Amino acid sequence: MKPNVKSVENQVEQVSDYADSKLTSMEYVGLAVKEIEEKKRDKLKSGYLERENILAYILVAPAVIILVLFIAYPFVLGVWLSLTDKTVGHEGSFVGLQNFRNILKSQIFLQTVQNTFVYTGVATVLKLVFGLALALVLNRQFKFKRLVRASMLLPWIIPTVLSTLAWLWMFDATFSVFNWILVHLGILKRGLVWLGDPHLAMVSVIIVNAWRGIPFFAISLLAGLQTIPPDLYEAADMDGAGSFAKFWHITLPMLMPVLLVVLIFSVIVTFADFQVVYVLTRGGPSNSTHLFATLAYQVALASGRLGEGAAISLFMFPFLLLVIIVQLWYIRREQ
Amino acid sequence: MAAVGETFTKKLFSFYIPLFFFTILMLFPFYWMFITSIKPNRELYNVKSLPFWVFNPTLEHWKYLFKNTLFTRWALNTLFISIVSTAISLISGIMAGYALSRLRFKGASALGIAIFITYLVPPTLLFIPLAEVVHNFNLLDTPWALILTYPTFLIPFCTWLLSGYFKTIPKELEECARIDGATRLQAMIWIILPLATPGILSAGMFAFTLSWNEFIYALVFLSSPTQKTIPVGVVSELIKGDVFFWGSLMAGALFGSIPVALIYSFFVEHYVTGLTGAVKG
Amino acid sequence: MANVILEKLTKKFDDVIAVNAIDLEIKDKEFVVLVGPSGCGKSTTLRMVAGLEEITEGNIYIGGRLVNDVAPKDRNIAMVFQNYALYPHMTVYKNMAFGLKLRKFPKSEIDERVRRAAKILGIEQLLDRKPKQLSGGQRQRVAVGRAIVRDPEVFLFDEPLSNLDAKLRVAMRGELVKLHHRLETTMIYVTHDQVEAMTMGDRIVIMKDGLIQQVGAPLEVYDHPSNIFVAGFIGSPPMNFFRGTLVPEKDHLFIDMKSFKLKVPDERKKRYERYIRKEVVFGMRPEDIIDSTPEGRSGEWDKTTAVVDVLEPLGAEVMLELSKGEHSFTARVDPHTNSRVHQEITVYFNMGKMHLFDAETEKVI
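Conventions and cut-offs
Residues numbered from 1 in each chain as written. Chains lettered and ligands numbered in written order. Predicted model: local features only at pLDDT ≥ 70, side-chain atom pairs only at ≥ 80, totals over all residues. Helix = DSSP H or I, 4+ residues; strand = E, 2+ residues; numbered from the N terminus. Buried ≥ 20, exposed ≤ 12 C-beta atoms within 10 Å, placed from the backbone. Contact = placed C-beta atoms within 7 Å. Nonpolar A, V, L, I, M, F, W, Y, C, P; charged D, E, K, R; others polar. Pairing = 2+ DSSP bridges. Axes fitted to C-alpha atoms, helices over the stretch in contact; angles between N-to-C directions. Domains from an automatic or database assignment. Expected span 1.5 Å × (residues − 1). Arc of directions from axis to C-beta. Core = buried A, V, L, I, M, F, W, Y, C linked by C-beta atoms within 7 Å. Parallel < 35°, antiparallel > 145°, perpendicular 65-115°, else oblique. Left-handed = near helix turned anticlockwise from the far one by under 90°. Bend = angle between axes of the 7 residues up to and from the residue. pLDDT = per-residue confidence, 0-100.

Draft legend 1. Representation of the overall build of chain A in the model. A count of helices and strands for chain A gives 16 helices and zero strands. A buried classification covers 36% of the 335 residues belonging to chain A. In chain A, once contacts between residues fewer than 6 apart in sequence are set aside, the share between residues at least 24 apart is 68%.

Draft legend 2. Layout of the interface of chain A and chain B. The interface of chain A with chain B comprises 69 residues on the first partner and 72 residues on the second. Counting residues per element, the side of chain A that touches chain B draws most heavily on helix H3 (residues 52-82) of chain A, at 19 residues. A per-class count over the side of chain A that touches chain B returns 57 nonpolar, nine polar and three charged.

Draft legend 3. Spatial organisation of unusual backbone geometry. Residues and elements named next belong to chain C. A cis amide bond links serine 236 with the next residue in sequence, proline 237, at an omega value of -5°. As for its placement among the helices and strands, proline 237 is situated in the loop between helix H8 (228-233) and strand S11 (240-249). At tyrosine 84, a residue that is not glycine, the phi angle is positive and equals roughly 70°. Following the sequence through the fold, tyrosine 84 ends up in the loop between strand S6 (77-80) and helix H2 (92-102). We classify tyrosine 84 as buried; it has 24 C-beta atoms within 10 Å. Here the phi dihedral of glutamate 184 falls at roughly 50°; this positive angle occurs in a residue that is not glycine.

Draft legend 4. View of the pairing of strand S9 (residues 203-208) of chain C. Residues and elements named next belong to chain C. Among the six residues in S9, five count as buried, and that is most of the element. For strand S3 (residues 31-35) and S9, the ladder comprises four bridges, and the chain directions are parallel. Residue pairing in the sheet places valine 32 in a bridge with arginine 203 of S9. Note: S9 against strand S10 (residues 211-216), five bridges, orientation antiparallel. Its bridge partner lying in S10, lysine 208 is registered against leucine 211.

Draft legend 5. Inspection of the sheet that holds strand S1 (residues 4-13) of chain C at higher detail. Residues and elements named next belong to chain C. The strand order across the open sheet formed by four strands is S2-S1-S4-S5, and the pairing between neighbours is antiparallel. Each edge of the sheet is formed by a strand with only one pairing partner; in this case those strands are strand S2 (16-26) and strand S5 (65-66). Where S1 and S2 come together, seven bridges link them in antiparallel fashion. Each residue of the ladder has a partner; that of lysine 12, found in S2, is isoleucine 17. Lying over the sheet, helix H1 (residues 42-50) contacts S1, S2 and strand S4 (57-62), oriented at roughly 115° with respect to S1.

Draft legend 6. Fine view of the interface of chain B and chain C. Taken together, the contact pairs 17 residues of chain B with 20 residues of chain C. Looking at the side of chain B that touches chain C, the elements that each hand over two or more residues are helix H9 (171-180) and helix H10 (184-195) of chain B. The dominant element in the side of chain B that touches chain C, judged by the number of residues it contributes, is H9 of chain B, at seven residues.

Draft legend 7. Highlighting the domain arrangement of chain B. Residue and element names in this part refer to chain B. Considered domain by domain, chain B is made up of domain 1 (24-58) and domain 2 (70-276). Measuring from the centre of the C-alpha atoms in domain 1 to the corresponding centre in domain 2 gives 34 Å. Of all the elements, helix H1 (residues 8-37) adds the most residues to the side of domain 1 that touches domain 2, at four residues. A per-class count over the side of domain 1 that touches domain 2 returns three nonpolar, three polar and one charged.

Draft legend 8. Geometry of helix H3 (residues 107-121) of chain C. All names here are of chain C. With 15 residues, H3 should reach 21 Å at 1.5 Å per residue; the first-to-last C-alpha distance of 21 Å fits that figure. All buried positions along H3 are accounted for by Ile110, Val114, Ala117, Ala118 and Leu121. Down the axis of H3, the buried side of the element spans an arc of 100°, and every buried residue falls inside it. Away from its buried face, by an angle of more than 90 degrees, H3 presents the exposed residues Ser108, Glu109 and Lys119.

Draft legend 9. Local environment of the nonpolar core. The biggest cluster of nonpolar side chains holds 261 residues, and the ones touching the most others in it are Leu165 and Ala218 of chain A together with Met79, Leu156 and Ile188 of chain C. No other element matches the 13 residues that helix H10 (residues 198-225) of chain A contributes to this core. The contacts of leucine 165 of chain A, once residues within four sequence positions are left out, are Val279 of chain A together with Val234, Val235, Leu249 and Ala253 of chain B.

Draft legend 10. Broad picture of the environment of proline 122 of chain B. By secondary structure assignment, the location of proline 122 of chain B is in the loop between helix H5 (108-120) and helix H6 (123-136). Spatially, the C-alpha atoms of proline 122 of chain B and phenylalanine 153 of chain B are 8.1 Å apart, while their sequence positions differ by 31 residues. In this structure proline 122 of chain B touches Ile268, Val269 and Ala272 of chain A, once residues within four positions along its chain are discounted.

Draft legend 11. How the structure looks around the packing of helix H14 (residues 292-302) of chain A against helix H15 (residues 306-314) of chain A. Residues and elements named next belong to chain A. Viewed as axis vectors pointing N to C, H14 and H15 meet at an angle of 170°, and their least axial separation amounts to 8 Å. One finds that H14 runs roughly antiparallel with respect to H15. For the pair formed by H14 and H15, the contact residues are Phe292, Leu295, Ala296, Val299 and Ala300 on the first element and Leu306, Glu308, Gly309, Ala310, Ile312 and Ser313 on the second. Residues of the contact of H14 with H15, tallied by class, amount to eight nonpolar, two polar and one charged.

Draft legend 12. Examining the packing of H3 of chain A against H15 of chain A more closely. All names here are of chain A. Taken N-terminus to C-terminus, the directions of H3 and H15 make an angle of 120°; their axes are 7 Å apart at the nearest point. The pairing of H3 with H15 is recorded here as oblique in orientation. For the element pair H3 and H15, the recorded crossing hand is left-handed. Residue-level contacts link Gly78, Val79, Leu81 and Ser82 of H3 to Leu306, Gly307, Ala310, Ala311, Ser313 and Leu314 of H15. When grouped by side-chain class, the residues that make up the contact of H3 with H15 number six nonpolar, four polar and no charged.

Draft legend 13. Quick peek at the sheet that holds S6 of chain C. All names here are of chain C. Judged by pairing direction, the sheet is mixed, and its six strands sit side by side in the order S6-S7-S8-S3-S9-S10 without closing on themselves. Edge positions in the sheet fall to S6 and S10, since each has one partner strand and no second. With direction set aside, neighbouring strand axes in the sheet form an average angle of 15°.

Draft legend 14. Geometry of the domain arrangement of chain A. Residues and elements named next belong to chain A. As far as domains go, chain A holds domain 1 (22-82) and domain 2 (101-334). Centre-to-centre separation of domain 1 and domain 2, based on C-alpha positions: 47 Å. With four residues of domain 1 at the interface, the matching set in domain 2 holds six residues. For the side of domain 1 that touches domain 2, the class distribution of residues is two nonpolar, two polar and no charged.

Draft legend 15. Seen up close, the environment of threonine 58 of chain B. Residue and element names in this part refer to chain B. You can see threonine 58 is positioned in the loop between helix H2 (41-44) and helix H3 (60-68). Remark: the alpha-carbon pair of threonine 58 and methionine 26, spanning 32 residues in sequence, is separated by 26 Å. Not counting chain neighbours up to four residues away, the residues in contact with threonine 58 comprise Ile38 and Pro40.

Draft legend 16. Structural detail: H1 of chain B. Along its length, H1 of chain B shows its largest kink, about 45°, at leucine 27 of chain B, and proline proline 29 of chain B lies within four residues downstream of that point. Those residues of H1 of chain B lying buried are Phe22, Met26, Pro29, Met33, Thr36 and Ser37 of chain B.

Draft legend 17. Structural context of the confidence of the model for chain B. Residues and elements named next belong to chain B. Per-residue confidence for chain B averages 86 on the pLDDT scale, and 92% of its residues sit at or above 70. The secondary-structure element of chain B with the lowest mean pLDDT is strand S2 (residues 243-244), recorded at 68, while helix H4 (residues 71-102) shows the highest, at 95. With pLDDT under 50 throughout, residues 273-281 is counted as low confidence; its partners more than four residues away or in other chains account for 22 contacts. At the level of chain-chain contacts, confidence expressed as ipTM amounts to 0.88, with global pTM at 0.83.

Dropping the structure here:
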């Protein structure tokens, strides 16, 4: 073997190197002093920004400052407000849980709780079903696929209140385009008062919320669909699986992780929604479409009862916390 | 997944009809906005006239919108607020996302979870106390009320997205740069940031869209008509009592949607890569 | 040009000790290979030398300078990574110039150095390409080129060849050795591949569980492994091990492995005396076991019979997998062997090359 000769030579060389490197004690002292000086200089030269943890704290500082100032502090302030009877233009005083007691006794609030759960539940199911269907359709190969995919995103990306205004116009009592179609198709004799009837109003706000959310489900699920390896379907074909079997046994289980994340995210956003209801009904008729957020807005800003409004908002917190805990638990488990 | 031997009938029902249905469902409201904005009032408020078509197109609603309302002012306000709050959020998000994904420090994982939770906190939970905070800082009815509060939902979002994106960039690249002679900051700026461009672009794009679309903070924190943003201005100033100027309203809604739609049409690819995130080569 | 000294170097990740108080001196201009299975601490050691990992305890000196708190950029070292770590957004030229630019070299000198390094590595025609457009071997060369332009005091290599295919790996191995001769710079090379270690290093350092098992020239380690781990790790196929007992018979010593016995050369009697009637592990490399009479060969031989389980003709040699009682072992024999599968044959052990280990401490006796 070749290295043998070389390494022997090398060892001889190393021995002589070693002899050279023997130093007198005086030289050692000199070296030590030099070393200390160099160490000092190196520390200065590297600077604090080279220290991993110091740099990290500097980098996260702006984010932390803004979040503490405008999330953590308002949260604490919100809890405090909810314990006072503060109104606009009047410093409140501490009233304990009085606001919460009043709210729980209020018929409007109980109606709101029911509305919120109906709104969230029905809209989420609609978004899930139609979003999945749209994802499956968009996952096929067809002409202008990119253009179609991009345009399907529009309801989700453009300002919600502005698109909701279009729906407000489409639901107009006199000039509703839906009524025009229904009447001209001979399905109805007279147009519906979409936003004037408690049940129809709830249907309307749910439709608009679902319309806005479907693209989000579709695009996220489409991304999930595209990560499913095609050979799974080929293997299932070999096993004689039909379209439905393939969907049930391959597509759905493989989509589960992304589906759950999308679902949880959507539930939070829908539960805390404000814009659709604010634009379409302002919570009416007779409070039949009030959600937590719209009721809180009305109490705090329209009526000026800040303490009570803050308390209503806070009622969202336990539910949101529960959803977040589920989400965190799920992420932990996945890791 | 076009299976072999799929008949046309089957494809008609499993594909063409659903696609048609979804296209109508998703896009009809936009058609409706457009057609309304160019219809003369006599067609608009005539139950007899066919609603799906415009016979005498007119620009009067658009002229009204830009001449007789503060719409232009609102558009500039929205643009200014969106750009500044996006810039603040993007910079803070890049810094925090980089630290969370790359540096070891005490409390990193707790901070990561905290930021993730704030990401899930909806603005409607805190808008009342936040109005108090903004009031205490004497910022009510100024653009800064929004510029400083929008980052509360933009920073968590940017941090989350970018730290995920940074993680896909091989660590060795920046280690190599540091051995090559770069400080940690130089390695971040010269090596990591250029490679994270797609992620940064999509984070910025999302942040801009979210600020452009934001409603409740703008509704609560701004009161003078000249300070308002497009969403709030259109909803609160163009609708006076029960009098609706539907033509101008729809023109405003359409125009207010154009910037975000444009951004998406340019960066729709970045949108996908930004979310999946990958560096190859 | 510099030597590197590691002094009681320790790295802990939380409670896990990755590197456990190792001492090592790497001479100026030496090519040292750190080798060991994954998780042995070799990469962590290298990264501490580079300054990419903070040191938990101990000291590192480069060229006599204590560098514990020196940032990587100020250590005057260069490193080649396993995945090459080429900057994807820069051309080959810019990749190589990056370090010089940061050090504010004048443009003309940067250009000269980059071109010289490119010439040495034969990548001049690639300078305008992006890393994406290069093959694995070319990327490897660019990574090496980027390291040499800066003319560092120490080169660090972290498994630089493991992403290449087998053929290219052999070629690059030779080129790196040549490069070392040409540059005459200290190089520290980390690999899990004992063949790389054997063929490239002036000295090799075998590590396991954060500890140095043995340091020495490749053949020295091969011929005189200091423990069972090193004996088994260095050499392919690995050394055969047999559990047995050392027994005296008449005037001689034998290793009793139950199903067979082998005679220890008399000149080793004294050395093994202490282990008489104790449990030992007997080791023999496959090439020291043959299936034809050792007549005409030097050394002391002993024999036994064994059954051929598997016969692997590799062209230049034949591997026999043999079994005898509860033992199974490998022999590397002449390609023209007459042995056949399932046959019982006589095999000869070159006892002059035997290794004996303490069964408990696993250290060589």
